Amino acid sequence: MPDPKEKIEDLIRALEELRLHVARKDLAVGNQRINSQLYFSIANACLRNRALLLYGGMGANKTTLVNLLGSSFLSLSFSEVEDQMVTGYPEQTEEKMVGFLDPRQWMREAEEPCTVLWTPWSRSRWKLINEVNRFPGGKQNLFLEILQKRKISYAGQVYEPGDTCYYLTMNPEFSATYPLDEALLDRISVCVPAFQPNFLAGLALSERERDVGELAEELPRFTLQEFDSLPGLVAQKELEPQVELAVLCLVRDFTLCERAPSYDKTQLSSARPSRGLCAGCHYSGNPEAICWQADEGLSDRVRQDLRSFSRALAYLLDREADLEVLKAVAPYVIWHRINPIRSIIDRPPYYGARKLAFVAELVEKSINRTMNERADMNIIFSRAVDGETSVWRAMEELSIFDDPIARLDFIPSLEQMR
Amino acid sequence: MKLGRFMDDAYRGLNKGRSLRSEKGDPIFSLDDLGERLGTRPSRMEVEELLPQDPGTLKRLVESDPGNRYQVIWGHLSSIAAERSQQPLHLSAGNYAGLELSRGTIILEMGGDHVGERMKGGRIYLRQAAGDYLGQEMTGGGIVSRGAGNYAFRRMSGGLGVIKGDCGNFLGLGCSGGKVVCQGSCGERAGWLMSSGSLRIHGDAGDYLGLLMKGGRITVFGRVGRRAGWRMKGGTIRGKAFGPEAADGVFGLD
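Note that the structure is a prediction, hence the values are computed from the model and not measured. (Residues numbered from 1 in each chain as written. Chains lettered and ligands numbered in written order. Predicted model: local features only at pLDDT ≥ 70, side-chain atom pairs only at ≥ 80, totals over all residues.)

Participant: For the overall build of chain B, give the residues involved together with the corresponding values.
Facilitator: Along chain B, the regular secondary structure elements total 5 helices and 10 strands. Long-range contacts, defined here as pairs at least 24 residues apart, represent 13% of the contacts in chain B between residues at least 6 apart. (Helix = DSSP H or I, 4+ residues; strand = E, 2+ residues; numbered from the N terminus. Contact = placed C-beta atoms within 7 Å.)

Structure (structure tokens):
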């Protein structure tokens, strides 16, 4: 079987040539420039059981792009993929989305287990939840369960759709939208903004004269074997040790808090940095420290998502999974999961609106710090863990490093080893 | 895999920066740590050089007990803390509090010896009487105290000292400037070897007031003991009433 990456490249080319997705190349990975919306959507198709959220205003080609990709990867017609998606609105019911009891079973005489007729969406391995924030909070919890368990349950019956690609779209807050629950947001691996076409893209799109469904037929088609081989091919991309280390430190940078129980910011409920938790703290106001700049800590899912999407993007761009890839991926993995403190995000150059740019700066700061200033302390810690130096000596040496990871993570770990 | 090898792989080919080390040498956790490296009588500059910038560490050090050994270090730390603080620094007690203080305010709940020694500016308020050597060699700033022991404002060359009660012997010994006001009485030999400045005593003064003084002004609103102005070479002494053997150059108050 030929490497399906060539087909992916054909797909990317075809989407542009057919004027099905023309957008600005807004993301730099080293010296390569790509469109984040397109590449992250394809990266998610190369992985399984990850969820991608496209966030943007109406008409930004969110739903259409996902359906076009679904059509190509699953080798279905565009309208078949469209029929499989579920769209959010308050009256949407579980029966319409997931499945319903087969009424014919009541006619049968023999006592048989209850039968559920699962909807095409449930059975599909390409699940698009369109306009997820038009679902009220209670109905959003349904997806929380599905994303968590990778199973769909209804009336006591459980359906396992197998490895699936999850996509969600949402609009900015309108009168008819509901806020997304933090737990659901945490289960979304990547959130990518979808922008309106710029001048040139608009010009290119105006050349499109045929219907989208008709043009979709001209996209390359993947065989089931090719589609199933993608996660394995991505897994072959090994993360460089620098990336593994930077991922660990990045997650700890957001999560450690001197004043939280067990230094874990995810334990906090009412006390938060934005509510004065950090007043008088040694790290508060220090631009190099990340802990005080965001209310939420990061869960371990972030670590997994950073690793998966770094691999997938490296595979798509045919490059090593290096720090440049991580720097490109990490802001999109983190920004929807945290709320920066208003005193910073409201000021220029963020104006309360450029959250992704702010998170990208924090990511850059953390990775640079890990690769430069943290080298000594990381090596001291590793030597002590390996038993090459005494724990006491390592603790004494680490105590002079003014870094949350050294003080709140390494030293307590060594104290337990003592 | 060993963690050490993982780190080695991660940092292979990279220049490791060291700017994270924000403190020089070994960590400073206590006055003992400072004392071990600086000795018992370091200069202000030596203390500042070794002191961590971390305000929490400074606070912890100032709040710790210096014992007899590290009083000078503690005195420097109290001044540094007061100078860095926007608010007055409240301290319970301690010898050498406000040592070489240049700005800021210290409020001492109880007195000690050598309070405000060599101070150049700022304010020190003592809610109780000070011990000996209050404001010794001070060149500026101000001290207000409920009382004082011996040698208050010895070799003072500037600033203001106010003692709201009585003080011991040798007040203003060798003063070459500044002003001292004692609202109570003082012991013997106040203004001894004084060359300049002003000494005002609202109560009584002991024997040998202004002994060998060369300049400055001493005013006593109460009674003065014997031999006031003995062998004085300059300056003025005024008092309400003088004891026996007062020098010829002393004046009564109108």
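Now that the structure has been shown, the text picks up again.
Participant: Kindly report on the overall build of chain A, identifying the contributing residues and their values.
Facilitator: Within chain A, the regular secondary structure consists of 19 helices and 11 strands. By the burial criterion, 45% of the 418 residues in chain A qualify as buried. The long-range share in chain A, meaning contacts at least 24 apart out of those at least 6 apart in sequence, stands at 75%. (Buried ≥ 20, exposed ≤ 12 C-beta atoms within 10 Å, placed from the backbone.)

Participant: Pulling in residues and values, what's your account of the nonpolar core?
Facilitator: Grouped burial of nonpolar side chains is what soluble globular proteins tend to show. Counting residues in hydrophobic clusters, the biggest one holds 127 residues, and the most contacted among them are A43(A), L313(A) and V329(A). Two domains each provide a minimum of three residues to this core, namely domain 1 (4–235) and domain 2 (241–372) of chain A. Apart from the residues lying within four places of it in its own chain, the contact partners of V329(A) are L306(A), F309(A), S310(A) and L313(A). The next biggest cluster of nonpolar side chains, apart from the first, holds 65 residues, and it includes L61(B), Y70(B), I163(B) and L171(B). (Core = buried A, V, L, I, M, F, W, Y, C linked by C-beta atoms within 7 Å. Domains from an automatic or database assignment.)

Participant: Describe unusual backbone geometry, naming the residues involved and giving the relevant values.
Facilitator: Residue P349(A) follows P348(A) across a cis peptide bond; omega there is 10 degrees. Here P349(A) is to be found in the loop between α15 (342–345) and α16 (355–371). Despite not being glycine, A155(A) has its phi angle at roughly 50 degrees, a positive value. Inspection of the secondary structure assignment puts A155(A) in the loop between β8 (152–154) and β9 (157–159). In this structure, Y151(B) is a non-glycine residue whose phi angle is positive, near 60 degrees.

Participant: Lay out the sheet that holds strand β6 (residues 176–182) of chain B with the relevant residues and their values.
Facilitator: Residues and elements named next belong to chain B. The 10 strands lie next to each other as β1-β2-β3-β4-β5-β6-β7-β8-β9-β10, forming an open sheet whose pairing is parallel. The open sheet has two free edges, formed respectively by β1 (89–91) and β10 (250–252), since each of these has just one partner strand. Put simply, the sheet's adjacent strands are angled 15 degrees from each other on average, direction ignored. With 4 bridges joining them, strand β2 (residues 105–108) and strand β3 (residues 123–126) adopt parallel strand pairing. Paired with I106 across the two strands is I124, which belongs to β3. (Pairing = 2+ DSSP bridges. Axes fitted to C-alpha atoms, helices over the stretch in contact; angles between N-to-C directions.)

Participant: Describe the sheet that holds strand β10 (residues 165–170) of chain A, naming the residues involved and giving the relevant values.
Facilitator: Residues and elements named next belong to chain A. The 5 strands are arranged β4-β7-β10-β3-β11 in an open sheet whose pairing can be described as parallel. Of all the strands in the sheet, just β4 (86–87) and β11 (190–193) have a single pairing partner and so form its edges. With 4 bridges connecting them, strand β3 (residues 51–55) and β11 associate as parallel partners. If you follow L53 over to β11, its bridge partner there is C191. Packed on one face of the sheet, helix α2 (residues 36–46) meets β3, β10 and β11 and runs near 155 degrees to β11.

Participant: Can you tell me about helix α18 (residues 391–398) of chain A, naming the residues and giving the values?
Facilitator: Residue and element names in this part refer to chain A. Turning to α18, its buried residues are A394, M395, E397 and L398. Along the axis of α18, the buried residues cluster in a sector spanning 165 degrees; they form a single face. In the core, the buried residues of α18 are packed alongside α17 (375–385) and α19 (404–417). (Arc of directions from axis to C-beta.)

Participant: How would you summarise the environment of P231(A) if you had to cite specific residues and measurements?
Facilitator: All names here are of chain A. Inspection of the secondary structure assignment puts P231 in helix α11 (residues 224–235). According to the C-beta neighbour criterion, P231 is partly exposed, with 19 such atoms within 10 Å. Residues P231 and A45 lie 186 residues apart in sequence; the distance between their C-alpha atoms is 8.7 Å. Among all residues touching P231, those that are not within four sequence positions of it are C46, L47 and R48.

Participant: Describe in detail the pairing of β10(A), supporting the description with residues and values.
Facilitator: Residues and elements named next belong to chain A. Burial analysis of β10 places 6 of its 6 residues in the buried class, the great majority of the element. Pairing geometry for β3 and β10, over 5 bridges, is parallel. Of the residues in β10, the one forming a bridge with L54 is T169. Pairing analysis gives 4 bridges linking strand β7 (residues 126–130) to β10, with the strands arranged parallel. Bridge pairing in β10 links W126 to C165.

Participant: Residues and numbers for the packing of α17(A) against helix α1 (residues 3–10) of chain B, please.
Facilitator: At a closest axis distance of 7 Å, the pairing of α17(A) and α1(B) adopts a crossing angle of 155 degrees. Taken together, the axes of α17(A) and α1(B) lie roughly antiparallel to each other. Residues N378(A), I379(A), S382(A), R383(A) and V385(A) of α17(A) form the contact with α1(B), whose own contacting residues are L3(B), G4(B), F6(B) and M7(B). Broken down by class, the residue content of the contact of α17(A) with α1(B) amounts to 5 nonpolar, 3 polar and 1 charged. (Parallel < 35°, antiparallel > 145°, perpendicular 65-115°, else oblique. Nonpolar A, V, L, I, M, F, W, Y, C, P; charged D, E, K, R; others polar.)

Participant: Describe the packing of α2(A) against helix α3 (residues 62–74) of chain A, with residues and values.
Facilitator: All names here are of chain A. Packing of α2 against α3 leaves a shortest axis separation of 11 Å and a crossing angle of 40 degrees. As judged from the angle between their axes, α2 and α3 are oblique. Taken as a pair, α2 and α3 cross one another with a handedness that is right-handed. On α3, the residues that touch Q37, L38, S41, I42 and A45 of α2 are L65, V66, L69 and F73. Considering only residue class, the contact of α2 with α3 consists of 7 nonpolar, 2 polar and no charged. (Left-handed = near helix turned anticlockwise from the far one by under 90°.)

Participant: Can you break down α2(A) residue by residue, with the values?
Facilitator: Judged by how many residues are buried, α2(A) sits mostly within the fold: 11 of 11 residues are covered. Of all the positions in α2(A), only S36(A), Q37(A), L38(A), Y39(A), F40(A), S41(A), I42(A), A43(A), N44(A), A45(A) and C46(A) are classed as buried.

Participant: Could you give me a rundown of the confidence of the model for chain B, with the residues and numbers involved?
Facilitator: All names here are of chain B. Mean pLDDT for chain B: 88, with 94% of residues reaching 70 or above. In the predicted structure, residues 18–24 sits below a pLDDT of 50 and forms 13 contacts with residues beyond four places in sequence or in another chain. Interface confidence for the predicted complex, given as ipTM, is 0.76, next to a pTM of 0.65. (pLDDT = per-residue confidence, 0-100.)

Participant: Can you explain the environment of P55(B)? Please cite residues and give values.
Facilitator: Residue and element names in this part refer to chain B. Turning to its location among the elements, P55 is positioned in helix α4 (residues 55–63). The partly exposed category is assigned to P55, around which 13 C-beta atoms lie within 10 Å. Separated by 30 residues in the primary sequence, P55 and S85 place their C-alpha atoms 9.6 Å from one another.

Participant: Residues and numbers for the environment of E94(A), please.
Facilitator: Its location among the elements puts E94(A) in helix α5 (residues 94–97). A C-alpha to C-alpha distance of 8.0 Å links E94(A) and K139(A), two positions 45 residues apart in sequence.

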